[in-house]
Amino acid sequence: MLSDQIRKAFLDYFQEKEHKLIASSSLIPHGDPTLLLTAAGMVQFKPFFMGEASPPETRLTTCQKCFRTTDIESVGDVDHLTFFEMLGNFSVGDYFKEGAIEHAWQFVTKRLGLPEEKLWITIYFDDDEAFGYWRKIGVPNERISRHGEKDNYWGPAGDSGPCGPCSEIYYDFGKEVGCGKPDCIPGCDCDRFLEIWNLVFMQYDQDINGNRIPLPKPNIDTGMGLERMAAVMQDKLTFYDTDVFNHIIARVSELSGHSYGKDVKIDRAIRVVGEHSRSVAFLIGDGVLPTNEGRGYVLRRVLRRAALFGKTLGLEGSFISDIASVAMTKMGSVYPNLIENKDYILNLIDSEEEKFSQTLNTGLNLLDGIIEKVGAKEDKVISGKEVFKLYDTYGFPKELTAEVAADNGLSVDIGGFEKEMDKQRQRARQAQKSKEVTSGVDYTAFANTEFIGYDSLNCDAHILSIAADDRTQSSASKGERVSIVLDKTTFYAEKGGQVADTGVLIGKEGRVVIDDTRWAKTDHVVHYGKVSDGSVSVGHAVSAEVDVERRLHIARNHTATHLLQAALRDVLGTHVHQTGSLVDHDRLRFDFSHNAAVTNDELLMIQRHVNEKIRQNLEVTVEDNLQIEQAKAEGAMALFGEKYGETVRMLKVGDPAVSIELCGGTHLQRTGQIGILLITSESSVGAGIRRIEAVTGRGAEALVESRLAVVEALSQRMGAPLDE
Ligand code: SER
């Protein structure tokens, strides 16, 4: 059976058994801040298991894209992958151990036709219940073994979440390929047994301290590795010899001129290049961009590791995209986004590869020198400073340096490296700090500030705290710079790219002109400003009045930013995602994923799209306290990597909506209030990230006025009519 047939057989079987087929979720676990990447089929179902959301059906089945970062350095051997597909059946409080065991057994023995005597079972050491069901189904005692927490307890994925004891099915490749020891059983280090299916009896929710509390209902989460099953079904010892990889391996061989299966070292490099090229295509296809942290760093690390191993094969130029392209063609019918975004994915791979290849040789020369020098030393440790320099100047991920070092019998001082990283962060913070207004005052004694500024622009409030130079005081008088906390406020504190409100606090005895507003970590809004008249005191009533004109300018730019994002996706494609934004009173800036300069024609088209929506004077509506799942179901755009609470604020423009975004900002009532949007610049701000700047309303009017004045002046100077 080919891999496509196995996938289909699995999903067909479980649909026949009344499981609802659910599409694979993204490799980016949206809305789950506990995870870097989706590493198991159950990730998208966590809220169901936890009882936080209701599933569409109690029986579900998927083929899920997965990525495991724990295995990156092991890729190259014959049994590790970073990217893989996991087939799974799930029961949300429906069937439990007996049902899961019966389904799995039926599928592997009847549907796939694997001989029963080739299948071995592991169970959690005290799980007599599971033992009983396996016996009942006909598995003899001697092929069932009991294991501890390390092998037969699964989860949580990430630092907290659902977990439970598990039971696995292993395939026996035969004594001949094993170690020959009489006590060789599943879990042995030798090649005899391959785990093909993991059945998790999900019963607990584990918190970050390791405490386990029972879930509302017991659930089933199973995972069958597609690539491994392909190896079994195609009678191969490793998935690299199956149809999943043979086109890819062949292409690496062809490009490098090395044949596969002749030399251990060459084979390893071929596998690394092949596997990693496939996995970077999937990461980028799901919206990951190369960066120096988080999942962007994982992408960078894997891509650069492929580049380095490719070099050892003598590969030149942009070979990763070539190989990725083979993988994408193979997988495109199952994951059409790979085909839809093919150019984007390949371009991004090329530009990242090119960037690294520019420094790769210099970096490698440097590393060779270091290895020679350190090799002669007693401790054989490459210093943190050197690892940092390779990282910072030459783009060598620290793990890559460590791997090359280990190949040469050396180690690296990772602690020292982290210290250097900290110093660099410190320098960056220092540079940033001069711009920041901070308050070192502790506000925990006060209730969180009530923000009522979505609906009103002024309100009556009371002063809870006044501080100057981070020290609290009972009052402040004319000329003093202070930070003030009120019980409630209409001032929007800087957040989500939208700048802070300014305005004035007016009391009976004095007034404070507010020029900045920030959130303190404790959920208090801190107003920064200067006492302009008289004095203000703690306990006094004030009227908190936001500068209305400025707030409206900001709202124009914010609502326009949403229209801009929608237009970008219409014109350039749905690979466009926001990576950053600034919403100021006099301009807006929007950063987004896109791998080529936006042409003038495209810019014009985008601008026209936005202005058309402005002229349609669409209504802007807000739904607050919405369940995140519901918002997503309505198609709301969320920020990659952003942590959202369970309930969110959803902003829609138009009905039917032309834009739906999760957003905490302040907006207009109707798009017509924007007036007009004019794009002022387009530029690159990093690999695969573009920036558009624009003006709206009064800012746009000013731009038109000044441009027209230039044309008038030219016309006069040249003595030519305007039209000419
Ligand atoms: N969550 C389990 C695993 O990843 C079963 O799917 O192995």
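Note: the structure precedes this text.
All residue numbers refer to positions counted from 1 along the written sequence of the respective chain. Totals for whole chains, interfaces and linings use every residue, but because this is a predicted model, local features are given only for residues with pLDDT of at least 70 and side-chain atom pairs only at 80 or more, for both listing and counting. Processing note: side-chain calculations cover all non-hydrogen atoms of the structure and skip hydrogens and water entirely.

A. Molecular detail of the nonpolar core. Ranked by size, the top nonpolar core spans 135 residues in total, and within it Leu114, Trp134, Ile196, Trp197, Met229 and Ile382 carry the most contacts. Each helix is a run of H or I in the DSSP string that is no shorter than four residues. Each strand is a run of E no shorter than two, and both are numbered from the N terminus. Among the elements that take part in this core, helix α12 (residues 342-375) stands out by supplying 12 residues, more than any other. Residues Val576, Leu588, Phe590 and Ile606 belong to the second largest nonpolar core, which totals 25 residues. The criterion is simple. A nonpolar core is a set of buried Ala, Val, Leu, Ile, Met, Phe, Trp, Tyr and Cys residues joined through side-chain atoms within 4.5 Å. For every residue, the accessible area (1.4 Å probe, protein chains only) is compared with the maximum for its type, and the residue is labelled buried under 20%, exposed over 50%, or partly exposed between those bounds.

B. Expanded view of the site of the ligand. Residues are counted as near a molecule or strand when any one of their heavy atoms sits within 4 Å of it. Taken together, Ala40, Met42, Arg68, Met86, Trp154, Asn198, Val200, Asp221, Thr222 and Gly223 make up all the residues around the ligand. In protein, a polar contact requires one atom able to donate a hydrogen and another able to accept it; more generally it is a pair of N or O atoms within 3.5 Å, and residues adjacent in sequence count only if both atoms are side-chain atoms. At 3.1 Å, a backbone N or O of Gly223 approaches an oxygen atom of the ligand. Here the Shrake-Rupley method, with its probe set to 1.4 Å, supplies the accessible areas, and only the displayed protein chains count as covering residues. Computed on the free molecule, the ligand has an accessible area of 230 Å², of which 96% lies beneath the protein chains in the complex. When residues of the shell around the ligand are traced back to their parent elements, those giving at least two are β8 (193-206) and β9 (212-225). Take the shell around the ligand: its biggest share by element is 3 residues, from β9. For this scheme, ten residues count as nonpolar: Ala, Val, Leu, Ile, Met, Phe, Trp, Tyr, Cys and Pro. Four count as charged, namely Asp, Glu, Lys and Arg, and the remainder, Gly too, count as polar. The residue makeup of the shell around the ligand, split by class, is 5 nonpolar, 3 polar and 2 charged.

C. Quick peek at the sheet that holds strand β25 (residues 647-653). Pairing is antiparallel in the open sheet, where 3 strands are placed in the order β24-β25-β26. The sheet terminates laterally at β24 (620-627) and β26 (659-662), the two strands that pair on one side only. For this sheet, the mean inter-axis angle between neighbouring strands, taken without regard to orientation, is 20°. Here, a strand pair is defined by DSSP locating no fewer than two bridges between the strands. Pairing between β25 and β26: 4 bridges, direction antiparallel. Counterpart to Met650 in the pairing with β26 is Leu662. Should any heavy atoms of two residues lie within 4.5 Å, those residues are considered in contact. Between N-to-C directions, angles cover 0 to 180 degrees, with each direction set by a line fitted to C-alpha atoms, over the stretch in contact for helices. Strands in contact with helix α16 (residues 548-572) are β24, β25 and β26; relative to β26, the strand with the most contacts, it is inclined by about 115°.

D. Layout of the packing of aromatic side chains. The criterion for an aromatic pair is that two Phe, Tyr or Trp rings (for Trp, the six-membered ring) have centres within 6.5 Å, with stacked assigned to planes under 30 degrees apart, edge-to-face to planes over 60 apart and tilted to the rest. Within the structure shown, the criterion is met by 28 aromatic pairs. Ring centres of Trp120 and Phe193 lie 4.9 Å apart, and the angle between their planes is 65°; this geometry places the pair in the edge-to-face category. With Trp120 in strand β4 (residues 119-124) and Phe193 in strand β8, this residue pair connects regions lying 73 residues apart in the sequence. Of the two residues examined, Trp120 and Phe193, each falls in the buried class. Among the aromatic residues, ring-to-ring pairing joins Phe10, Tyr13, Phe14, Phe107 and Trp197 into one connected group. The lysine or arginine in question, Arg212, covers the ring of Tyr153, its NZ or CZ lying 3.9 Å from the ring centre. Criterion for a charge above a ring: Arg CZ or Lys NZ at most 6 Å from the ring centre, at most 35 degrees from the ring normal. The ring of Tyr240 is capped by Arg271, whose NZ or CZ atom sits 5.8 Å from the centre of that ring.

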